[in-house]
Amino acid sequence: MKVFQSETEMRTAGGLRVHDITDDVAGTVRESGVRDGIACVYSPHTTCCIRITEPQNGFLDSFVDLLRQLVPHDHYYAHDDWDKRTENICPEDVDFANGHSHCMAMLLGTAGESIPIRDGELLLGEWQRVLFLELDRERDRRWLVQIVGS
């Protein structure tokens, strides 16, 4: 059994942005030398996530519109109410309300995806891609890949 880990850093543009990281993840699988196993792709941030889907432009535009309708930026969020929130406060939080970003992340589910590996390749569907979704402002971000297999 072999375990291989990789970490990638990036600066996002902010807003609700989608970045295709499939080629980077596939490159990490090749670098690991694992032929059969699983790749876990994870973002250790609470306002971004990793998702697998078909990144067709019309779909992504509609999905972004849907998220903005469900979780509008200009809505009241107790997370951004400094009379209520007393923990986990970074200095820039006071200037940049991001309660909407946290709510979007909770709706989207877990912060990562697990992808089977067979014959040294990710077992994605024909049109599937691994996407990193930024739900907050411009920031330095990172995503991790842990590969376990033989």
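Above this text sits the structure in question.
Residues numbered from 1 in each chain as written. Predicted model: local features only at pLDDT ≥ 70, side-chain atom pairs only at ≥ 80, totals over all residues. Heavy atoms only, no water.

(A) How the structure looks around helix α2 (residues 57-70). The terminal C-alpha atoms of α2, which comprises 14 residues, lie 20 Å apart, in line with the 20 Å expected from a rise of 1.5 Å per residue. For α2, every residue scored as buried is listed here: Leu60, Val64 and Leu67. In an axial view of α2, the angular spread of the buried residues amounts to 65 degrees, which keeps them on one side of the axis. Turned more than 90 degrees off the buried face of α2, the exposed positions are Asp61, Gln69 and Leu70. Residues of α2 that are buried sit in contact with β2 (17-20), α3 (99-108) and β7 (129-134). Here α2 starts with a cap whose side-chain oxygen sits 3.0 Å from the backbone nitrogen of Gly58, and that cap is Gln56. (Helix = DSSP H or I, 4+ residues; strand = E, 2+ residues; numbered from the N terminus. Expected span 1.5 Å × (residues − 1). Buried < 20%, exposed > 50% of the residue type's maximum accessible area, 1.4 Å probe, protein only. Arc of directions from axis to C-beta. Contact = heavy atoms within 4.5 Å. Polar contact = N/O pair within 3.5 Å; in protein donor to acceptor, adjacent residues only side chain to side chain.)

(B) Highlighting the layout of surface pockets. Taken as a whole, the largest pocket holds about 220 Å³ of empty space. Thr46, Arg85, Asn88, Asp93 and His102 are, among the 15 residues lining the largest pocket, the residues nearest its centre. Looking at the lining of the largest pocket, its residues break down into one nonpolar, seven polar and seven charged. (1 Å grid on protein atoms, 1.4 Å probe; cavity = no way out; pocket = protein on both sides within 12 Å on 5 of 7 lines; lining within 4 Å. Points joined across faces, edges and corners; volume = space filled by probe spheres on them. Nonpolar A, V, L, I, M, F, W, Y, C, P; charged D, E, K, R; others polar.)

(C) Quick peek at the sheet that holds β2. As summarised here, the arrangement of the three strands in space is β2-β7-β4, forming an open sheet in which the pairing is antiparallel. Edge positions in the open sheet fall to β2 and β4 (48-53), since each of these has one partner strand only. On average, each strand axis in the sheet is inclined to that of its neighbour by 30 degrees, with strand direction left out of account. (Pairing = 2+ DSSP bridges. Axes fitted to C-alpha atoms, helices over the stretch in contact; angles between N-to-C directions.)

(D) Highlighting the side chain of His100. Tracing the sequence through the fold places His100 in helix α3. Using a relative accessible area of 9% as the deciding quantity, one classes His100 as buried. Filtering out sequence-adjacent residues up to four positions away, His100 remains in contact with Val71, Pro72, His73, Tyr77 and Leu135.

(E) Structural detail: the side chain of His45. Note that His45 resides in the loop between β3 (37-42) and β4. Note on His45: relative accessible area 17%, which makes it buried. Here Arg142 takes part through its backbone nitrogen, which lies 3.0 Å from a polar atom of the side chain of His45. Discounting residues that sit within four places of it in the chain, His45 has contacts with Asp140, Arg141 and Arg142.

(F) Expanded view of the sheet that holds strand β5 (residues 112-118). The strand order across the open sheet formed by five strands is β1-β8-β3-β5-β6, and the pairing between neighbours is antiparallel. The two strands at the open ends of the sheet, each matched to only one other strand, are β1 (2-11) and β6 (121-122). Sheet topology places β3 next to strand β8 (residues 140-149); six bridges connect them, and they run antiparallel. Within β8, the position partnered with Gly37 by the bridge is Gly149. Against the sheet, helix α1 (residues 22-32) touches β1, β3, β5, β6 and β8, its axis set at about 40 degrees to β8.

(G) Quick peek at α1. Looking only at α1, the buried set comprises Thr22, Val25, Ala26, Thr28, Val29 and Ser32. The arc enclosing the buried residues of α1, seen along the axis, measures out at 155 degrees, which places them on a common side. Opposite the buried face of α1, at more than 90 degrees from it, the exposed residues are Asp23, Arg30 and Glu31.

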